[in-house]
Amino acid sequence: SLDTFCIKMVKSKSWTMVRHFEGAPKPEDFKLEERELPSLKDGEILLESVFLSVDPYMRPYSKRMMKPGDVMIGSQVARVVESKKPAVVVGTYYVANVGWTTHFISDGTGMHALSLDWPENLPRSLSLGAVGMPGCTAYIGLLEVCNAKEGEVVLVNCAAGAVGSIVGQIAKIKGCKVVGSAGSDDKVTYLKEIGFDEAFNYKTVSSLEEALKNASPEGYDCYFENVGGKYADVALQQMNQFGRIAVCGAISMYNDSVPQTGPYIQPVMLFKQLRMEGFICYRWIDKFPDMQKQLLQWVSEGKLKYHEHVTNGFENMPAGFIGMLRGDNIGKAIIKV
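Residues numbered from 1 in each chain as written. Predicted model: local features only at pLDDT ≥ 70, side-chain atom pairs only at ≥ 80, totals over all residues. Heavy atoms only, no water.

Structural notes on the pairing of strand E4 (residues 76-83)
For strand E3 (residues 45-53) and E4, the ladder comprises 7 bridges, and the chain directions are antiparallel. Residue pairing across strands places Ile 45 opposite Ser 83, the latter belonging to E4. Note: E4 against strand E5 (residues 93-96), 4 bridges, orientation antiparallel. Counted as the bridge partner of Ala 78 is Tyr 94 from E5. (Pairing = 2+ DSSP bridges. Helix = DSSP H or I, 4+ residues; strand = E, 2+ residues; numbered from the N terminus.)

Set out below in structure tokens:
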């Protein structure tokens, strides 16, 4: 029939990794590739990415999970543009994890639908940030790993980032005192705006030790760790007896070609009887729907404020990623196609 000739082939663009990153990622480490997608088979759907996520984890995981020439890893909010799967309606939105790509075909496995009653006044990109994996990471690290209690003092570094900014606000919701550090005065201002009790610019203080002591002379019960390295060496000394440390990231060390060596943590952990636990949020994947419901409710009620650093244009994705690793963003770094 005539109409088979009118089907326009869909072209999908993807960013691939040319080579493993040496030090900080550079623009020439990425390559934009284009390919035509086949027509849909029964049971398949075609999706178009609307928002894509750039996150710190992509830097260490690219080394562990990818080989040169692979499409960069990551997740997106995507809209169904064609469906040969009766249960899936054109125009609905999904969160998928198919990497830096504009269009893709799926049978629906491994994706989750955005609720149809998603609030009209909230951007769907929040499902990649405050109400998505970063929000769940903050929730788990603070409430499950650190087990933060009302009245305790919580320290968060990278506090103006996608995860840290949510950690601090959940800690306030739960009745804690919250201290945050970030790398610019604008970020410190933002932390004060969203309710942090104390915030400082770790790049401009003369002594990190003094800054931490001034912010909380009574020490710290919980430490949400995103930085590692020398920061951790100083912060651990400020912990109270039976303090808990949730290790979510170590961004100060991701670009190191030669691993840093620092003071050893065993004595301070022993004499203060600290507990330190590394965690990856997907261990709690079965709890995600409940957590996301709670996070969305807090956002809707205005108890949880969000900020998005939006880079426009799929062609600017590597620049958005490089900028995020450099700390250009306040809140969640998002690429809008």
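Brief notes about the UniProt feature "domain: Enoyl reductase (ER)" (unreviewed entry) in the protein chain
Annotation from UniProt places "domain: Enoyl reductase (ER)" (unreviewed entry) at residues 23-335. Between the first and last C-alpha atoms of residues 23-335 the distance is 23 Å; the span itself is 27% helix and 24% strand. (UniProt positions renumbered as here; feature names shortened; annotations may be inferred.)

Brief notes about unusual backbone geometry
Glycine aside, the phi torsion of most residues is negative, and most peptide linkages are trans. Its identity is not glycine, yet Asn 147 carries a phi of approximately 55 degrees, on the positive side. Note on placement: Asn 147 falls in the loop between helix H3 (133-145) and strand E8 (153-156). Residue Asn 147 is classed as partly exposed on the basis of its relative accessible area of 36%. Non-glycine residue Cys 158 carries a positive phi angle of around 50 degrees. Relative to the helices and strands, Cys 158 is located in the loop between E8 and helix H4 (164-173). Taking the relative accessible area as the measure of exposure, Cys 158 reaches 29% and is therefore partly exposed. (Buried < 20%, exposed > 50% of the residue type's maximum accessible area, 1.4 Å probe, protein only.)

Comments concerning the side chain of Glu 44
For Glu 44, the position within the fold is in the loop between strand E2 (30-36) and E3. No salt bridge is formed by the buried Glu 44; the nearest opposite charge belongs to Lys 41, separated by 4.2 Å. A polar contact is formed between the side chain of Glu 44 and the backbone nitrogen of Lys 41, at a distance of 2.9 Å. Not counting residues within four places of it along the chain, the set of residues in contact with Glu 44 comprises Ser 39, Ser 83, Lys 84, Lys 85, Ile 105 and Ser 106. (Lys, Arg positive; Asp, Glu negative; His and termini not counted. Salt bridge = Lys/Arg side-chain N within 4 Å of Asp/Glu carboxyl O. Polar contact = N/O pair within 3.5 Å; in protein donor to acceptor, adjacent residues only side chain to side chain. Contact = heavy atoms within 4.5 Å.)

Digging into the sheet that holds strand E12 (residues 239-247)
The strand order E10-E9-E8-E11-E12-E13 describes an open sheet built from 6 strands, whose pairing is parallel. Every interior strand has two partners, whereas the edge strands, strand E10 (198-201) and strand E13 (275-278), have only one. Averaged over all adjacent pairs, the angle separating strand axes in this sheet is 15 degrees, with direction ignored. Bridge count between E8 and strand E11 (residues 220-225): 3 bridges; the pairing is parallel. (Axes fitted to C-alpha atoms, helices over the stretch in contact; angles between N-to-C directions.)

With respect to the side chain of Ser 165
On the secondary structure map, Ser 165 appears in helix H4. Residue classification places Ser 165 among the buried positions, given a relative accessible area of 4%. The contact partners of Ser 165, leaving out residues within four places of it in the chain, are Ala 159, Ala 160, Tyr 190, Ile 194, Phe 196 and Gly 331.

Describing the environment of Leu 270
Within the element layout of this structure, Leu 270 appears in helix H8 (residues 266-271). In sequence terms Leu 270 and Gln 241 are 29 residues apart; their C-alpha atoms lie 9.8 Å from each other.

Some details on helix H10 (residues 317-326)
Of all 10 residues in H10, 8 are buried; the element is thus mostly enclosed. Within the sequence span of H10, burial applies to Met 317, Pro 318, Gly 320, Phe 321, Ile 322, Gly 323, Met 324 and Leu 325. As for H10, its buried residues are in contact with strand E1 (11-17), E2, E3, helix H2 (58-65), strand E14 (308-312) and strand E15 (332-336). Looking one or two residues past H10, Gly 327 carries a phi angle of roughly 95 degrees, positive in sign.

Quick word on the pattern of salt bridges
By the definition in use, this model includes 14 salt bridges. Note that Arg 19 and Asp 29 form a salt bridge whose closest N and O atoms lie 2.7 Å from each other. Of the two residues, Arg 19 is situated in the loop between E1 and E2 and Asp 29 in the loop between E1 and E2; the sequence distance between them amounts to 10 residues. Lys 67 serves as the salt-bridge partner of Asp 70, at 3.2 Å between the closest nitrogen and oxygen.

Overview of the state of the cysteines
What the rule picks out here adds up to 0 disulfides. Free of any disulfide, Cys 146 has its nearest cysteine sulfur in Cys 222, 4.5 Å distant. Cysteine Cys 281 shares no disulfide, and the gap to the nearest cysteine sulfur, in Cys 136, comes to 7.0 Å. (Disulfide = S-S within 2.5 Å.)

A few points about the pairing of E11
Burial of E11 is extensive: 6 of the 6 residues sit out of reach of the surface. Pairing geometry for E11 and E12, over 5 bridges, is parallel. Looking at E12, one finds that Tyr 220 is bridged to Met 239. Once the chain exits E11 it traverses helix H7 (residues 229-236) before rejoining the sheet at E12, and the crossover so formed is right-handed. (Right-handed = clockwise from strand over helix to strand, strands pointing away.)

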